[in-house]
Each structure stands twice: as structure tokens, then as C-alpha cells.
Amino acid sequence: RKFIVAIDGPAASGKSAVSETLAVRLGFLHVNSGAIYRCATLLAIRNDLLDLQFKKNLDRMREILKETKITMGPLGTSPIKNENVNRPSTAIFLNGENVTDQISKIEITKNVRFLAKIPEIRAASIEKQRELVQSKNLFETRADSKVDGVIVEGRDIGTAVFPNADIKFFIEAEAKARAKRRFDELVARGLNVDINGDPVDYEQILEDILQRDQEDLTRTHSPLRKAKDAIVIDTSNLSLDQVVGKVESSILK
Ligand code: CDP
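Position numbers for residues start from 1 in each chain and track the written sequence from start to end. It should be noted that, the model being predicted, local features are given only for residues of pLDDT at least 70 and side-chain atom pairs only at 80 or more, the latter also being counted only at that level, while totals for whole chains, interfaces and linings use all residues. Each side-chain value is worked out from all heavy atoms of the structure, with water and hydrogens disregarded.

Got a minute to help me understand the packing of helix H3 (residues 55–67) against helix H5 (residues 119–134) in this structure?
Two measures define how a pair of helices packs: the angle their axes make with one another and the distance between the axes. The axes are straight lines fitted to the C-alpha atoms, using for helices just the contacting stretch, and the angles between their N-to-C directions are given from 0 to 180°. Secondary structure elements are taken from DSSP: a helix is a run of H or I of four residues or more, a strand is a run of E of two residues or more, and numbering for both begins at the N terminus. Where H3 meets H5, the axes come as close as 10 Å, and the angle between the chain directions of the two elements is 5°. When the axis of H3 is compared with that of H5, the two are roughly parallel. Taken together, the residues of H5 that come into contact with H3 (itself represented by Leu-58, Met-61, Arg-62, Leu-65 and Lys-66) are Glu-120, Ile-121, Ala-124, Glu-127 and Lys-128. Here the nonpolar group is Ala, Val, Leu, Ile, Met, Phe, Trp, Tyr, Cys and Pro; Asp, Glu, Lys and Arg are the charged ones; every other residue, Gly included, is treated as polar. When the residues that make up the contact of H3 with H5 are grouped by side-chain class, the tally is five nonpolar, no polar and five charged. Should an angle fall under 35 degrees it is taken as roughly parallel, and over 145 as roughly antiparallel, whereas 65 to 115 is taken as roughly perpendicular and any remaining angle as oblique. Here, two residues are considered to be in contact whenever any of their heavy atoms come within 4.5 Å of each other.

So what exactly am I meant to see when it comes to unusual backbone geometry here?
Of all residues except glycine, most have a negative phi; of all peptide bonds, most are trans. The phi dihedral of Asp-48 is positive, around 55°, even though this residue is not glycine. One can find Asp-48 in the loop between helix H2 (33–46) and H3. The backbone of Ser-222 sits at a positive phi, close to 50°, despite the residue not being glycine. Here Ser-222 lies in the loop between helix H8 (202–218) and strand E8 (231–234).

What exactly am I supposed to notice about the site of the ligand here?
Note on terminology: near, applied to a residue and a molecule or strand, indicates that one of the residue's heavy atoms is within 4 Å of it. For the ligand, the set of nearby residues contains 17 residues, the closest of which are Arg-38, Arg-122, Arg-182, Arg-212 and Asp-216. Ala-12 is positioned such that a nitrogen or oxygen atom in its backbone is 3.3 Å from an oxygen atom of the ligand. In the analysis that follows, any N or O atom pair within 3.5 Å is treated as a polar contact, provided that within protein one partner can donate a hydrogen and the other can accept it, and provided that, for residues neighboring in sequence, both atoms belong to side chains. One nitrogen or oxygen atom from the side chain of Arg-155 is found 2.8 Å from an oxygen atom belonging to the ligand. Compared with its free state, where it exposes 520 Å², the ligand has 96% of that area covered by protein. Among the secondary structure elements, those contributing two or more residues to the shell around the ligand are H2, helix H4 (106–116) and H8. When residues of the shell around the ligand are assigned to their parent elements, the largest contribution, four residues, is made by H2. When the residues that make up the shell around the ligand are grouped by side-chain class, the tally is five nonpolar, three polar and nine charged. Where accessible areas are quoted, they stem from the Shrake-Rupley method and a 1.4 Å probe; at the residue level, only the protein chains shown are allowed to cover.

Is there a simple way to explain the packing of aromatic side chains in this structure?
Centre-to-centre distance and the angle between the planes together describe a pair of aromatic rings. Aromatic pairs are defined between Phe, Tyr and Trp rings, using the six-membered ring for Trp, whenever the two ring centres lie within 6.5 Å; interplanar angles under 30 degrees are classed as stacked, those over 60 as edge-to-face, and all others as tilted. Counted by the stated rule, this structure contains one aromatic pair. By definition here, charges over rings are those cases where NZ of Lys or CZ of Arg is within 6 Å of the ring centre and within 35 degrees of the ring normal. Here Arg-130 stacks its cationic end above the ring of Phe-162, 5.5 Å away from the centre of that ring.

Is there a simple way to explain the side chain of Thr-90 in this structure?
As for its position among the elements, Thr-90 is in the loop between strand E3 (70–73) and strand E4 (91–94). A polar contact of 2.7 Å, which involves the side chain of Thr-90, links it to the side chain of His-30.

Looking at this structure, how should I read H5?
Along an α-helix, residues three or four positions apart point the same way, because every turn accommodates 3.6 residues. What a helix should span is 1.5 Å times the count of its residues minus one. With 16 residues, H5 extends 23 Å from end C-alpha to end C-alpha; this agrees with the ideal 22 Å at 1.5 Å per step. Think of it in three bands: with a 1.4 Å probe and only protein chains considered, a residue is buried below 20% of the maximum accessible area for its type, exposed above 50%, and partly exposed in between. If you check which residues of H5 are buried, you get Ile-121, Arg-122, Ala-124, Ser-125, Ile-126, Lys-128, Gln-129, Leu-132 and Val-133.

For this particular structure, what's the right way to read the nonpolar core?
Buried together is how nonpolar side chains tend to be arranged in soluble globular proteins. Remark: nonpolar core denotes a set of buried residues (Ala, Val, Leu, Ile, Met, Phe, Trp, Tyr, Cys) joined through side-chain atoms within 4.5 Å. Membership of the largest hydrophobic core comes to 40 residues, with the highest contact counts inside it found for Leu-52, Met-61, Ile-92, Ile-121, Val-152 and Phe-162. Considering every element that reaches this core, the biggest residue donor is H2, with eight residues. Leaving out residues up to four positions away in the same chain, Val-152 has contacts with Ile-4, Val-5, Ala-6, Ile-7, Val-31, Val-133, Ile-157 and Phe-162. By size, the runner-up hydrophobic cluster in this structure holds 16 residues, among which are Val-5, Leu-22, Ile-171 and Ile-251.

In C-alpha cells:
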């Protein structure tokens, strides 16, 4: 049985950075549920199926998701260092194609909401999350680690997907702090451009985050909520290292 760590929180709260860093430190598997919704969005765009109001499109989309293998792990050597991100990061593959940067693009971020609100897509995504949790850890596991663990991050992991997780965290920060972090990250990765190649500024990122907060909270199916037993960490004034330290010490306690 795997030891499950659930990390939930709103857009750009730093869930991925914390999860990636901690997974490498503890030798745990990392499952990023947001990346699955992002992959689904990329597939919908590629197959011209973004409008899922039609049953025909929705059925086709579900088929495509079923046929597509999504994997998460190191790029080459483990742990990878994305040359633009100064920490280990998890690469995301669609049938073996590295889509890590593509799914982080603003075009994807703006369109995820159309898929994330559809119950059938959430069910398909949750199925993939459960499969990934049971999959092999492609990162080096630590020889001294006695625990077979997995870190699963998202919006509804501690409440809907793994309500019996061994330990749960809810990572939050003020919207402005989250927008600043996401903006800096996109600049560092050279992804701060829209679909036309025009630069995107901090104000636009903030607006997107506020809109996604609204949608995440008001979604009828699996909305963003704090699990009652989650350890809440407000990271507005904390560095990544400080957050990782807090989460790690709670896990090791
Ligand atoms: O880091 P950021 O919050 O920008 O994105 P993410 O975690 O990659 O999630 C992308 C989108 O997928 C979010 O806008 C969520 O609405 C949706 N999502 C979800 O509905 N449920 C999850 N468990 C994870 C993400």
C-alpha cells in the first residue's frame, strides 16, 4: 500500500513546486492532477473538440483520453533540472511526447476550465490519477527511504479523489502573491506570450488567476475546498524552501 500525501490549493499557489521538490527529497512518486486536465485540453485543441456541449464531441474526447497514455517523470537523468527552473521538475508526456512546456502555455491555461467543469472528463481524469498513483516511480527512489510514497496535487485530491490520504495539505496564498509567482515563472521559462506571440503582463495573469479562483470555487462537480483534516499553510510570505520544510517535517513527524 502506498503512503499518499495530498496537496491541494488554488491556482499558482506553488503546489507543483512544493510537490516536485519534496518528491525528489523523499524519493516519492509525483502525480500532478492539474497536468492531466491540461493534457486533456491540449488534446481537445489538437482534435478540434474544445466545444464539449455536443455529446458526439464529448464521447470522442473520452475515447481519445482513454487511448492516450499520460506519464510523469524525469526527462533524462533523474532528477531533471529544467534549465530555466532552478529546481528539479517533473516532465509530462503524452504517448511519450514531452509536452511539459506546451501544457504550461497561456492558451491551455485559459481553456482548461471548459473541460474541468464536465463530470465525465473529471471522472476520466480521476481514473488516470488513480492509475498513475499505482504506477512505477520513474524518479530515483531513495535507498534509505522505508516508505513507498506518492505526492498527489490538485484541487480536489484530499476531498474527492483520495479522501483517505495519509496526510493532507492545503497550500494557499494571496492572489497577488500567486500572480507574481506565476508571472515570474512564465518569464523564466519564456512562456509569457499569448497565442499571437504578444507578451502577457502581470495584470493579465492576475486577472486569469482571479477568474480561475471563481470557477474552481463555484464548480458544482468537485469544487476547490479545504479538507477538514488538511494542514493549512499560507505561503504568501514564505519562500519555497520554507514551505517545503514545513510540509516535510509534518510528513516525517
Ligand atoms: O498551477 P495552476 O493552478 O495554474 O494549474 P494546475 O494545477 O495545472 O491546474 C490547471 C487547471 O485544472 C485549473 O485551472 C483547475 O481548474 C483544473 N484542475 C481541476 O479542476 N482539478 C484538479 N484536481 C486539478 C486541476
